[in-house]
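In case you want the letters, here they are:
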Amino acid sequence: MSYPSQMLKPLMVGECAEGAPPYFIGLGTPKAGTSWWYHLLMMHPQIKDNNFGVKETCYYCHNWPEENAEELKQQYQRGFTSEDSGTVTGEWSTLYLSHPFALKRLIGDFPEARYLLLFRDPIDTLNSWLNQLMRNRAKKMLKDDDASRFMYLNYDAIPSLFAQIMRYPTLLHELQNVAGLKLLCLQYEQNAADIQTQYDKMTDFLGLQRFELNNADVQINTADSNLVADLVLPEVVKNDLKACARELLKMCPDFEPSLWQH
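Residues numbered from 1 in each chain as written. Predicted model: local features only at pLDDT ≥ 70, side-chain atom pairs only at ≥ 80, totals over all residues. Heavy atoms only, no water.

Help me understand the state of the cysteines, please; the structure alone is not making it clear to me.
Linking two cysteines covalently through their sulfur atoms gives a disulfide. Per the counting criterion, the structure on display carries zero disulfides. With no disulfide of its own, Cys252 lies 4.1 Å from the sulfur of Cys185, the closest cysteine sulfur. (Disulfide = S-S within 2.5 Å.)

Sorry if this is basic, but what is going on with helix α3 (residues 69-77) here?
In an α-helix, one full turn covers 3.6 residues, which means residues spaced three or four apart are oriented alike. Where α3 is concerned, the buried positions are Leu72, Lys73, Gln75, Tyr76 and Gln77. Tucked inside the fold, the buried residues of α3 contact β1 (24-28), β2 (90-92) and α4 (103-109). (Buried < 20%, exposed > 50% of the residue type's maximum accessible area, 1.4 Å probe, protein only. Helix = DSSP H or I, 4+ residues; strand = E, 2+ residues; numbered from the N terminus. Contact = heavy atoms within 4.5 Å.)

Got a minute to help me understand the nonpolar core in this structure?
Side chains that are nonpolar tend, in soluble globular proteins, to be buried together. One finds Tyr76, Tyr96 and Phe119 to be the most contacted residues of the largest nonpolar core, which totals 53 residues. Formed by 23 residues, the second largest nonpolar core is a distinct cluster that contains Leu41, Trp92, Leu206 and Ala216. (Core = buried A, V, L, I, M, F, W, Y, C linked by side-chain atoms within 4.5 Å.)

Would you explain the pattern of salt bridges in this entry?
Once their charged atoms are close, side chains differing in charge can pair, the charge on each being opposite to the other. Within this structure, the stated rule accounts for seven salt bridges. Through salt bridges with shared partners, a single network forms among Asp200, Asp204 and Arg210. (Salt bridge = Lys/Arg side-chain N within 4 Å of Asp/Glu carboxyl O.)

How should I be thinking about the packing of aromatic side chains in this particular structure?
Within a pair of aromatic rings, the relevant descriptors are the distance that separates the centres and the angle that separates the planes. The final tally for this structure, using the stated rule, is 18 aromatic pairs. A ring pair is formed by Phe52 and Tyr59, whose centres lie 6.4 Å apart and whose planes are at 40 degrees; its orientation type is tilted. Across the pair, Tyr59 and Phe52 agree in class, each one buried. Taking 6.5 Å as the distance between ring centres and 85 degrees as the angle between the ring planes, the aromatic pair formed by Tyr60 and Tyr96 counts as edge-to-face. Of the two residues, Tyr60 is situated in the loop between α2 (34-41) and α3 and Tyr96 in the loop between β2 and α4; the sequence distance between them amounts to 36 residues. You'll find Tyr60 and Tyr96 in the same group, each marked buried. An aromatic cluster is built from Phe52, Tyr59, Tyr60, Trp64, Tyr76, Phe80, Tyr96 and Phe110, whose rings are joined through pairwise contacts. (Phe/Tyr/Trp six-rings, centres within 6.5 Å; stacked < 30°, edge-to-face > 60°.)

How should I be thinking about the side chain of Ser35 in this particular structure?
The topology assignment puts Ser35 in helix α2. Excluding anything up to four places from it in sequence, Ser35 contacts Lys55, Ile220 and Asn221.

So what exactly am I meant to see when it comes to the environment of Ile195 here?
Mapping Ile195 onto the fold places it in helix α10 (residues 195-206). Residues Ile195 and Ala216, 21 residues apart in the sequence, show an inter-C-alpha distance of 7.5 Å. When residues no more than four places from it in sequence are discounted, the contact partners of Ile195 are Trp36, Trp37, Leu40, Leu213, Ala216 and Asp217.

I would appreciate a short explanation of the packing of helix α8 (residues 168-179) against helix α11 (residues 235-251) in the present structure.
Think of two packed helices as two axes; the pair is described by the angle between the axes and how far apart they sit. Two numbers describe how α8 lies on α11: the axes approach to 9 Å, and their chain directions differ by 20 degrees. Classified by the angle their axes make, α8 and α11 are roughly parallel. Of the two elements, α8 crosses α11, and the hand of that crossing is left-handed. Only Cys244, Glu247, Leu248 and Met251 of α11 make contact with α8, whose side of the interface consists of Tyr168, Pro169, Leu172, His173 and Gln176. Looking at the contact of α8 with α11 residue by residue, the class counts come to six nonpolar, two polar and one charged. (Axes fitted to C-alpha atoms, helices over the stretch in contact; angles between N-to-C directions. Parallel < 35°, antiparallel > 145°, perpendicular 65-115°, else oblique. Left-handed = near helix turned anticlockwise from the far one by under 90°. Nonpolar A, V, L, I, M, F, W, Y, C, P; charged D, E, K, R; others polar.)

Structure (structure tokens):
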């Protein structure tokens, strides 16, 4: 089995690299078009790739002893460059919002960063996230039989992902209280419907010049199969996810409610 190196241990860059706090950090969420949106970010002339060379560092998803916290923060900063260079850098790790190790440590270390969040309709998020797990991580771990698939979905994947998604309103409330105007929430469905307008909203938030996108409607990390197409969610589960959606819509007045109607 092989896994992305940044998920197994914190990434490192050379000691000679000049470090600076990240200018922007994407906090989530999985299956909301973050890889596509980060690809568009990298098209902007004032944004360049970080020194890690990856979209998701997963850096703050790692646990470490408190006595090493400052050293590891400095190592993380070596992955980014200063505004003084004329360009800005950042990253977008989709589990930062919900991972128990990540959010509070990250905000505490970088209160001046600009934070980005992408949300997608919760029911679509759960279905797409389950499909991603079944196509990737679960495929590496599971035996190829129906019983293993059932046990993983029914007792591990569905409860875990459902619980994470249902916490989004609570986590967003806490984040809004701490980050305030340094947080921008975008709606995946709006991004897909009006790419340039949403992109302008983001670059304005980042304090960058507006940039006209070309070839923006590209496919990034698109699933070529649906391994959970036969999954039927109980009505009580769908109703809970719809309630989650209503809470997020209240907290994000720029979102279009009609795009989240199941």
